[in-house]
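In case you want the letters, here they are:
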Amino acid sequence: FVIAQLGQSLDGRIATPTGASQWINGGAALDHLHRLRAHVDAVIVGIGTAIADDPQLTVRRVPGRNPARVVIDLNGRLPDTARCLNDDGTRTIIVRGMQAPRQPNAETIRLPDRGGRIEPGVLTNYLFAQGMRKILVEGGATTVSKFLDDRVLDRIHLLVAPIILGSGTPGLSLNPIAELDAALRPATPIHQLDDGDVLFDCDMRDLRRG
């Protein structure tokens, strides 16, 4: 089971043009993210998010255990000071391309890349084989978009804050479609969080066309 989470503004932005992204969503959305972490076996982020946000990828705001941290870093860009590399007893996996160096202070796996990217299905199948059956794709937008484009996601939680940025980094950016018949229309229950953010719970296993 693979779920993704993405927080964005009303106009679909996850950051300003300068890269500022804290705090688009409120505390209730952050609590929700930590609950998701507590219920999965592994949490995946791309190298852009790992560098820009320097997340710990641990469960701190709610009770629960830490999932394994998985960072997609094909070319070895992750600094040794990254907080996801903290020696805190949490398993950390760095995903590298076949020719990239190993990460000295974390578990490193090498997977074949195609055109400078790891196929989402290849990575999730590897993690499934390692016993990690529930996976959260936490970011960033490029990584979540790749997983959605490749139809690897079972669910996506879009957390929309009542704020309009007007410009900046878009949330989802998928392969273009020519007609609305090709649009994805998942079954989507909607929940309003305590501080005004709205959760769109998109079930990607239940898609309607047209």
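As a reminder, the structure under discussion sits directly above these lines.
Residues numbered from 1 in each chain as written. Predicted model: local features only at pLDDT ≥ 70, side-chain atom pairs only at ≥ 80, totals over all residues. Heavy atoms only, no water.

Trainee: Any chance you could explain the overall build of the chain here in plain terms?
Mentor: For the chain, the count of helices and strands is 4 helices and 12 strands. Over its C-alpha atoms the chain spans a radius of gyration of 17 Å, differing by no more than 12% from the 17 Å that the globule rule assigns to 210 residues. Its C-alpha atoms give the chain principal-axis dimensions of roughly 45 × 35 × 35 Å. For the chain, buried positions account for 48% of its 210 residues. Of all intrachain contacts in the chain linking residues separated by at least 6 positions in sequence, the fraction that spans at least 24 positions is 66%. Mean positive and mean negative side-chain charge positions of the chain (24 and 24 charges, respectively) differ by 4 Å. (Helix = DSSP H or I, 4+ residues; strand = E, 2+ residues; numbered from the N terminus. Rg over C-alpha atoms; globule rule 2.2 N^0.38 Å. Buried < 20%, exposed > 50% of the residue type's maximum accessible area, 1.4 Å probe, protein only. Contact = heavy atoms within 4.5 Å. Lys, Arg positive; Asp, Glu negative; His and termini not counted. Charge placed at Lys NZ, Arg CZ, Asp CG, Glu CD.)

Trainee: Any chance you could explain helix 4 (residues 141-149) here in plain terms?
Mentor: Side chains three or four residues apart in an α-helix point the same way, a direct result of the helix having 3.6 residues per turn. For helix 4, every residue scored as buried is listed here: Ala 141, Thr 143, Val 144, Ser 145, Phe 147 and Leu 148. Immediately downstream of helix 4, the backbone of Arg 151 shows phi near 60 degrees, a positive value.

Trainee: How should I be thinking about the pairing of strand 3 (residues 42-46) in this particular structure?
Mentor: Within a regular beta strand, the side chains point alternately toward one face of the sheet and then the other, so they alternate between its two faces. In terms of residue burial, strand 3 counts as a mostly covered element, since 5 of its 5 residues are buried. Side chains Ala 42, Ile 44 and Gly 46 of strand 3 all project onto a buried face; the interleaved residues Val 43 and Val 45 project onto the opposite face, where all are buried too. As defined by bridge partners, strand 3 adjoins strand 4 (residues 68-72) across 5 bridges and the pair is classed as parallel. If you follow Val 43 over to strand 4, its bridge partner there is Arg 69. In this region the chain leaves strand 3, passes through helix 2 (residues 47-53) and returns to the parallel neighbour strand 4; the handedness of that crossover is right-handed. Relative to strand 7 (residues 135-139), strand 3 runs parallel, the two sharing 4 bridges. Bridging across to strand 7, Val 45 finds its partner in Gly 139. (Pairing = 2+ DSSP bridges. Right-handed = clockwise from strand over helix to strand, strands pointing away.)

Trainee: What is the right way to look at the pattern of salt bridges in this model?
Mentor: When the charged atoms of two side chains lie near each other, side chains of opposite charge can form a pair. Per the counting criterion, the structure on display carries 12 salt bridges. In this structure, Glu 119 and Arg 117 form a salt bridge, with 3.9 Å as the shortest nitrogen-oxygen distance. The closest approach of N and O atoms between Asp 203 and Arg 155, which form a salt bridge, is 3.7 Å. In this pair, Asp 203 is assigned in strand 12 (residues 198-208) and Arg 155 in strand 8 (residues 155-160), connecting sequence segments 48 residues apart. Using a relative accessible area of 14% as the deciding quantity, one classes Asp 203 as buried. Look at the salt bridges and you will find they share partners, linking Arg 155, Asp 201, Asp 203 and Arg 205 into a network. (Salt bridge = Lys/Arg side-chain N within 4 Å of Asp/Glu carboxyl O.)

Trainee: Explanation requested: the nonpolar core in the structure shown.
Mentor: Where a protein is soluble and globular, its nonpolar side chains tend to be buried together. Core analysis: the biggest nonpolar cluster contains 31 residues, and Ile 44, Leu 123, Leu 127, Val 137, Leu 153 and Ile 156 have the highest contact counts within it. The element best represented in this core is helix 4, accounting for 4 residues. When residues no more than four places from it in sequence are discounted, the contact partners of Ile 156 are Ala 4, Val 144, Leu 172, Phe 200, Asp 201, Cys 202 and Met 204. In this structure, Leu 36, Ala 50, Ala 106 and Leu 136 belong to the second largest nonpolar core, which totals 17 residues. (Core = buried A, V, L, I, M, F, W, Y, C linked by side-chain atoms within 4.5 Å.)

Trainee: Sorry if this is basic, but what is going on with the environment of Val 2 here?
Mentor: Position of Val 2 relative to the elements: it lies in strand 1 (residues 2-8). Along the primary structure Val 2 and Val 137 are separated by 135 residues, whereas in three dimensions their C-alpha atoms are 7.3 Å apart. With near-sequence residues (within four places) excluded, Val 2 lies in contact with Thr 124, Phe 128, Ile 135, Val 137, Val 152, Leu 153, Asp 154 and Arg 155.

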